[in-house]
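If you want the building blocks of each chain, they are given just below.
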Amino acid sequence: MASAHLVLASGSPARLAILRGAGVAPSVVVSEVDEEDALAAARERFGELAPAEAVLALAQAKAEAVASSLLAQEAEADAIGVQVADSVLLGCDSMLEIDGEVRSKPGTPAEALRCWRQQRGRTGVLHTGHWLIDLRSPGRGGTGGTLGATSSTTVTFADLDDDEIAAYIATGEPLHVAGAFTIDGLGGPYIDRIEGDHHGVIGLSLPLLRELLAKMGLKFSHLRNP
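The structure displayed is predicted, hence computed values, not measured ones.

About the thresholds
- Residues numbered from 1 in each chain as written.
- Predicted model: local features only at pLDDT ≥ 70, side-chain atom pairs only at ≥ 80, totals over all residues.
- Heavy atoms only, no water.
- Axes fitted to C-alpha atoms, helices over the stretch in contact; angles between N-to-C directions.
- Helix = DSSP H or I, 4+ residues; strand = E, 2+ residues; numbered from the N terminus.
- Parallel < 35°, antiparallel > 145°, perpendicular 65-115°, else oblique.
- Left-handed = near helix turned anticlockwise from the far one by under 90°.
- Contact = heavy atoms within 4.5 Å.
- Core = buried A, V, L, I, M, F, W, Y, C linked by side-chain atoms within 4.5 Å.
- Buried < 20%, exposed > 50% of the residue type's maximum accessible area, 1.4 Å probe, protein only.
- Pairing = 2+ DSSP bridges.
- Salt bridge = Lys/Arg side-chain N within 4 Å of Asp/Glu carboxyl O.

Undergrad: I'd like to hear about the packing of helix H5 (residues 109–119) against helix H6 (residues 162–170), residue by residue, with values.
TA: Contact geometry of H5 with H6 gives a least axis separation of 10 Å together with a crossing angle of 140 degrees. Classed by the angle they form, the pair H5 and H6 counts as oblique. Seen from above, H5 lies across H6 with right-handed handedness. Counted together, Pro109, Ala112, Leu113, Trp116 and Arg117 of H5 and Asp162, Ile165, Tyr168 and Ile169 of H6 form the full contact between these two elements.

Undergrad: How would you explain the nonpolar core if you had to name every residue and give the values?
TA: Ranked by size, the top nonpolar core spans 23 residues in total, and within it Val88, Leu132 and Leu204 carry the most contacts. No other element matches the five residues that helix H8 (residues 206–215) contributes to this core. Setting aside chain neighbours within four positions, we find Leu132 in contact with Leu6, Val88, Leu89, Leu90, Gly145, Thr146, Leu147, Leu209, Leu212, Leu213 and Met216. Within the second largest apolar cluster, 19 residues are counted, among which are Leu96, Leu126, Tyr190 and Ile191.

Undergrad: Before we move on, could you go through the pairing of strand E6 (residues 146–157) and cite the residues and values that matter?
TA: Pairing of strand E5 (residues 123–134) with E6 involves 11 bridges; the strand directions are antiparallel. Bridged to Leu132 within E6 is Leu147. Sheet analysis places E6 next to strand E7 (residues 191–195), joined by four bridges and oriented antiparallel. Considered in E7, the bridge of Val155 is made with Ile194.

Undergrad: Break down the pattern of salt bridges for me, citing the residues and quoting the values.
TA: In a structure, side chains of opposite charge can pair up when their charged atoms sit close to one another. Considering all chains together, one arrives at 11 salt bridges under this definition. Where Lys62 meets Asp93, a salt bridge forms, and the shortest distance between an N and an O atom there is 2.7 Å. Taken together, the residues Lys62 in helix H3 (residues 51–72) and Asp93 in strand E3 (residues 87–98) connect sequence positions 31 residues apart. A single burial state applies to Lys62 and to Asp93, both of which are buried. Here Arg140 and Asp86 are joined by a salt bridge, their closest N and O atoms 2.9 Å apart. One end of the pair, Arg140, is in the loop between E5 and E6; the other, Asp86, is in the loop between helix H4 (74–79) and E3, with 54 residues separating them in the sequence.

Undergrad: Quick one: what's the story with unusual backbone geometry, residue by residue and with numbers?
TA: A positive phi angle, close to 55 degrees, is found at Asp99, a residue other than glycine. Along the chain, Asp99 turns up in the loop between E3 and strand E4 (101–103).

Now the structure itself:
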């Protein structure tokens, strides 16, 4: 039976928690990709990118960077528990689109405040790009496949007053997440409703990952722990 170990090319605790909650214990190798440079390169190659295309381009860039690093240092990768010839690798990236503006991580309290004042009481779309690379050797079922897709979920934000926004920003959480909010953490009370896959809002769509794996001849249940 085909099987594979999953390598997650992301340092996101939320993505790791999603996978662990679904019974998968991936290795984590964080990409060092400069997002602005990667987007500039994608625009030069493909032209202007829609938000759903931009997150996919970033997910691909991150996955390919980690794949190249692992393949170039395969002996070292094995030493840290990544059996490259048995692995498939997943890169992800998320952005919020609202009123035609695309938002990733705000980074500062001032930017988080700006975001929340604009999005309170309104609806946006959270896009999460997924890119999967089959690193398995042919003798272990590898296809050499590399493919991706984007999960897009509609999010309606609560109409918070300034005090509620300030209290949430003071927790520090919204500074480090796409769109300055979470649905699975401290931001949960401030999301009125969603339409689509809630896992995609957290940062990794399990149904979409299942579909991508199927195109490589793998079932989700074939992902095995180290």
